[in-house]
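Listed below, chain by chain, are the residues.
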Amino acid sequence: MKKLLLVKDDGAIAELERDYLEADGFMVDISSDGDEGMRLALTGDYSLILLDVMLPGADGFAICRTVRKERDIPILMVS
């Protein structure tokens, strides 16, 4: 089963996106904070990161740049 990280500050939308992804067989971790999302992205075993741009803490662009330097994980910016 593929595991995804969803980093989005709007909890209602994140829950809805998670429901659709889980219905299609994905495991989904959600983070609503940029700093926590970056930590998870750098330490977790994810097949894909769905990343919002505007986040509390580190913004989506900073997370993307940092993850690109450290790991080879596909990232989709969802904003």
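Residues numbered from 1 in each chain as written. Predicted model: local features only at pLDDT ≥ 70, side-chain atom pairs only at ≥ 80, totals over all residues. Heavy atoms only, no water.

1. Remarks on the nonpolar core
- If you look at the biggest cluster of nonpolar residues, it comprises 14 residues, and the most contacted ones within it are Leu 5, Val 7, Ile 49, Leu 51, Ile 63 and Val 67.
- Those elements that place two or more of their residues in this core are strand E1 (3–7), helix H2 (34–43), strand E3 (48–51) and helix H3 (60–70).
- Of all the elements, H2 adds the most residues to this core, at three residues.
- Formed by seven residues, the second largest nonpolar core is a distinct cluster that contains Leu 4, Leu 6, Leu 21 and Leu 50. (Core = buried A, V, L, I, M, F, W, Y, C linked by side-chain atoms within 4.5 Å. Buried < 20%, exposed > 50% of the residue type's maximum accessible area, 1.4 Å probe, protein only. Helix = DSSP H or I, 4+ residues; strand = E, 2+ residues; numbered from the N terminus.)

2. Considering the sheet that holds strand E4 (residues 75–77)
- Reading across from one edge, E2-E1-E3-E4 is the order of the four strands in this open sheet, with parallel pairing throughout. The sheet terminates laterally at strand E2 (27–31) and E4, the two strands that pair on one side only. The average undirected angle you get between the axes of adjacent strands in this sheet is 20°.
- Pairing of E1 with E3, which is carried by four bridges, proceeds in the parallel orientation. (Pairing = 2+ DSSP bridges. Axes fitted to C-alpha atoms, helices over the stretch in contact; angles between N-to-C directions.)

3. Description of the pattern of salt bridges
- Scanning the model with the defined rule gives three salt bridges in all.
- Between Asp 52 and Lys 8 there is a salt bridge, and its shortest N-O distance comes to 3.5 Å. Here Asp 52 is found in the loop between E3 and H3, whereas its partner Lys 8 is found in the loop between E1 and helix H1 (11–23), with 44 residues between them in sequence. Lys 8 shares its class with Asp 52; the two are buried. (Salt bridge = Lys/Arg side-chain N within 4 Å of Asp/Glu carboxyl O.)

4. Brief notes about the side chain of Ser 31
- For Ser 31, the position within the fold is in strand E2.
- Leaving out residues up to four positions away in the same chain, Ser 31 has contacts with Leu 6, Val 7, Lys 8, Glu 36, Gly 37 and Leu 40. (Contact = heavy atoms within 4.5 Å.)

5. Section: H3
- Within H3 the residues assigned to the buried category are Gly 60, Ile 63 and Val 67. One face of H3 carries all of its buried residues, which in axial projection span an arc of 60°. Residues of H3 that are exposed and point more than 90 degrees away from the buried face comprise Arg 65 and Lys 69.
- Tucked inside the fold, the buried residues of H3 contact E1, H2, E3 and E4.
- The N-cap of H3, judged by a side-chain oxygen 3.0 Å from the amide nitrogen of Phe 61 a few residues on, is Asp 59. (Arc of directions from axis to C-beta. Polar contact = N/O pair within 3.5 Å; in protein donor to acceptor, adjacent residues only side chain to side chain.)

6. Things to note about the packing of H2 against H3
- One way to put it is that H2 packs onto H3 with a least axis distance of 10 Å and a crossing angle of 15°. Relative to H3, the element H2 is oriented roughly parallel. When the axes of H2 and H3 are compared, the crossing they make is right-handed. In this structure, H2 uses Gly 34, Met 38, Ala 41 and Leu 42 to contact H3, whose residues at the interface are Ala 62, Ile 63, Thr 66, Val 67 and Glu 70.
- The class makeup of the residues in the contact of H2 with H3 is six nonpolar, two polar and one charged. (Parallel < 35°, antiparallel > 145°, perpendicular 65-115°, else oblique. Left-handed = near helix turned anticlockwise from the far one by under 90°. Nonpolar A, V, L, I, M, F, W, Y, C, P; charged D, E, K, R; others polar.)

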